[in-house]
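Here are the chains, one letter per residue:
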Amino acid sequence: MNLLYEGKAKKVFAADEPDKCVVCYKDDATAFNGQKKGAIEGKGAFNNKITNFFMGMLESHGVRTHYIKELSDRETLVTKVEIIPLEVIVRNIAAGSLAKRLGLAEGAALACTVLEFCYKSDELGDPLLNEYHIAALKLASPEELEAIKTAAFKINGLLTNYLEAVGILLVDFKLEFGRFKGEILLADEISPDTCRFWDAQTHEKLDKDRFRRDMENVRKGYEEISGRLGL
Ligand code: UDP
């Protein structure tokens, strides 16, 4: 297969049809903008099935996504979109960089859901952007940004409710969107690499923070989330 792009956790290959491509999930793990590197055995397969499960669930509730079909334990056929260079971060509870930046305790309640945008740029370290920056840099049109914001809140509601029923707190997560034939589609992944998932009872971390923070059993989040979803 013809490799189109290789990122930190995934490779993207050309598919037979020009409007589609194949995503292949790797076991490689990175954190802190690539400064910490490692591998988590089986992670690629877990993230493939967890992402596809969530994409399918969101599609069934009217969210348009790039997901087409799972091809193997690590590979998925998706619509080839033009990625909008924004990390769209949704936060329900203070954690990670928000807790640090605003001097909040990790786990502190937020009076409302917080939406943040970061510029997808490894060289710049993914800086935080507001809507004026997005307009000034022409990263997305006002209409596209409205569609992204509406989708992000809808996705948050659907994921939060689904996860609550299986005893998981959705603390925060990152989304990416792409353009395809005039439409905005949800792209990239929804997995323990891109979300903070806490056990609702114990607040145990079930996500990539186990790797970021050198905790024991870095595989646990992937296994546990997959198990709770019945995958
Ligand atoms: N996130 C991500 N990729 C990034 C940055 C953040 O998937 O490049 C996710 C991260 O897993 C968390 C949320 O976005 O669920 C918020 O991350 P935060 O800004 O707290 O940054 P971090 O603590 O990951 O550096």
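Here, the structure is the one placed above.
Note that this is a predicted model, so its numbers are computed, not measured. (Residues numbered from 1 in each chain as written. Predicted model: local features only at pLDDT ≥ 70, side-chain atom pairs only at ≥ 80, totals over all residues. Heavy atoms only, no water.)

Trainee: With reference to specific residues and values, describe the sheet that holds strand S2 (residues 10-14).
Mentor: In any sheet, the strands associate via hydrogen bonds between backbone groups, in a parallel or an antiparallel arrangement. Overall, antiparallel pairing links the 5 strands, which are arranged S1-S2-S3-S7-S6 in an open sheet. For this open sheet the edge positions go to strand S1 (3-6) and strand S6 (67-70), each flanked by a neighbour on one side alone. Taking each pair of neighbouring strands and ignoring which way they run, the sheet shows an average axis angle of 25 degrees. Bridge count for S1 against S2 is 3 bridges, and the pairing is antiparallel. Bridge pairing in S2 places leucine 3 opposite phenylalanine 13. (Pairing = 2+ DSSP bridges. Helix = DSSP H or I, 4+ residues; strand = E, 2+ residues; numbered from the N terminus. Axes fitted to C-alpha atoms, helices over the stretch in contact; angles between N-to-C directions.)

Trainee: Could you give an account of the site of the ligand, with specific residues and numbers?
Mentor: Close to the ligand lie 14 residues; Arg91, Ser97, Asp172, Arg196 and Arg212 are nearest. In the environment of the ligand, an oxygen atom lies 2.7 Å from a nitrogen or oxygen atom belonging to the side chain of arginine 196. Residue arginine 212 places a side-chain N or O atom 2.9 Å away from an oxygen atom belonging to the ligand. Considered on its own, the ligand offers 500 Å² of accessible surface; in the complex 77% of this is hidden by protein. Going through the elements one at a time, strand S9 (86-93), helix H2 (96-102), strand S12 (168-180) and strand S14 (195-199) are the ones with two or more residues in the shell around the ligand. (Near = heavy atom within 4 Å. Polar contact = N/O pair within 3.5 Å; in protein donor to acceptor, adjacent residues only side chain to side chain. Areas by Shrake-Rupley, 256 points an atom, 1.4 Å probe, with all protein chains shown as cover.)

Trainee: Can you explain the pattern of salt bridges? Please cite residues and give values.
Mentor: Applying the stated criterion to the full structure yields 33 salt bridges. Aspartate 209 is the partner of arginine 196 in a salt bridge, and the nearest nitrogen-oxygen pair spans 2.7 Å. Residue arginine 196 is found in strand S14, and its partner aspartate 209 is found in helix H5 (residues 209-212); the two are separated by 13 residues along the sequence. Judged by relative accessible area, aspartate 209 falls into the buried class, the value being 0%. The salt bridge partner of aspartate 199 is arginine 228, with a shortest N-O separation of 2.6 Å. With aspartate 199 in strand S14 and arginine 228 in helix H6 (residues 220-228), this pair connects stretches of sequence that are 29 residues apart. Classification of aspartate 199 by relative accessible area gives buried; the value is 11%. Since its relative accessible area comes to 25%, arginine 228 is described here as partly exposed. Counted as one network, the salt bridges with shared partners bring together Arg91, Arg101, Glu106, Glu116, Asp172, Arg196, Lys205, Asp209, Arg212 and Arg213. (Salt bridge = Lys/Arg side-chain N within 4 Å of Asp/Glu carboxyl O. Buried < 20%, exposed > 50% of the residue type's maximum accessible area, 1.4 Å probe, protein only.)

Trainee: Could you give an account of the packing of helix H1 (residues 43-60) against helix H4 (residues 142-164), naming the residues involved and the relevant values?
Mentor: The geometry of H1 relative to H4 is characterised by a closest axis approach of 11 Å and an angle of 115 degrees between their N-to-C directions. Where H1 crosses over H4, the handedness of that crossing is right-handed. Mapping the contact onto sequence places Phe53, Phe54, Met57 and Leu58 in H1 and Ile155, Leu158, Leu159, Tyr162 and Leu163 in H4. For the contact of H1 with H4, the class distribution of residues is 9 nonpolar, no polar and no charged. (Left-handed = near helix turned anticlockwise from the far one by under 90°. Contact = heavy atoms within 4.5 Å. Nonpolar A, V, L, I, M, F, W, Y, C, P; charged D, E, K, R; others polar.)

Read these as layout, nothing more, since geometry by itself doesn't imply function.
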